[in-house]
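Understanding the architecture of this molecule
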Amino acid sequence: LNAIALIGWTLVLYALILQDFKCSFLLISDQFGILDVVKTLEAICIIEVGRIACGQLKGNLTLGVVLHFIRVTNLVYVLPRASCCGTASNDGTKGASEVDFLAVIVLYSWSITEMFRYPYYLVSGDSSLAKMARFVRMTVPLVTFPIGAFSEGYATYLTLQLDEYKNTVKLRTVLMAAVVFINFVLGPSMAYPALLKKGVPMLLGKDSTKKTN
């Protein structure tokens, strides 16, 4: 699954660079766009979280659950409203163009993060390639995490401002409000400091051989 996921996220980044949001180069279907590819890849990530919960993989279960809760909420309620995802069009409503822009940034941040994460699990040992895989695994999120988290949170906030969400309290409203809170409060105060603790020593050349998930 790691190799499949790496190829998949590479194709997502390729589609973003080409601005081919329908992923026509895959020659699958006009109805199969970039959001469908991302949903498939996210399903693989959820399987990984499940394996961590079952003790089959090492990893931070809490972080995995929260991270993929945010992604799934965005995939279900926020990103489909962006014209770049091929499932909606910019209808001129307030915040529509911002959501379009933020959706692209979110997908860039996800694809770049995952592209540099999976080689870490595919390359083992103490070779120079393995050390490089570990380096990018720990340092790339120092850039992609804050950009992606802000974009996810703000896009979700803008979606909550739509008339259909105002003056109503439904499950989707609660889930989206939770994303905004996590991304703008818990992320900067808890998650990002933890990333810095692992990534900064790598940048300073103080690598540890201990395998971290």
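Every chain's residues receive numbers from 1 upward, in the order its sequence appears when written. The predicted origin of the model limits local features to residues at a pLDDT of at least 70 and limits the giving and counting of side-chain atom pairs to 80 or more, whereas totals for whole chains, interfaces and linings rest on all residues. Based on all heavy atoms of the structure, the side-chain values leave hydrogens and waters out of the count.

1. So, the side chain of R117
Note the following rule: Per the convention used, a helix needs a DSSP run of H or I reaching at least four residues, while a strand needs a run of E reaching at least two, with both numbered from the N terminus. Only protein chains enter the calculation, and the probe is 1.4 Å; a residue is then buried if its accessible area is under 20% of its type maximum, exposed if over 50%, and partly exposed in between. Polar contact is the term for a pair of N or O atoms within 3.5 Å; when the atoms are in protein, one must be able to donate a hydrogen and the other to accept it, and sequence-neighboring residues count only if both atoms are side-chain atoms. The contact rule is simple, with two residues in contact once any of their heavy atoms fall within 4.5 Å.
Counting through the fold element by element, R117 comes out in helix 4 (residues 96–122). Exposure remark for R117: the relative accessible area of 14% places this residue in the buried category. Within the structure, the side chain of R117 is placed 2.6 Å from the side chain of E114, a separation counted as a polar contact. Here the side chain of R117 touches Y118 through a polar contact of 2.9 Å, side chain to side chain. Leaving out residues up to four positions away in the same chain, R117 has contacts with C45, E48 and R137.

2. Section: helix 1 (residues 2–18)
Let me state the cut-off plainly: A helix is expected to reach a length of 1.5 Å times the quantity of its residues less one.
Its 17 residues place the ends of helix 1 24 Å apart at the C-alpha level, agreeing with the 24 Å of an ideal helix rising 1.5 Å per residue. Taken as a whole, helix 1 has its buried residues at A5, L6, G8, W9, V12, L13, A15 and L16. Downstream of helix 1 by one or two residues, Q19 has phi in the positive range, about 60°.

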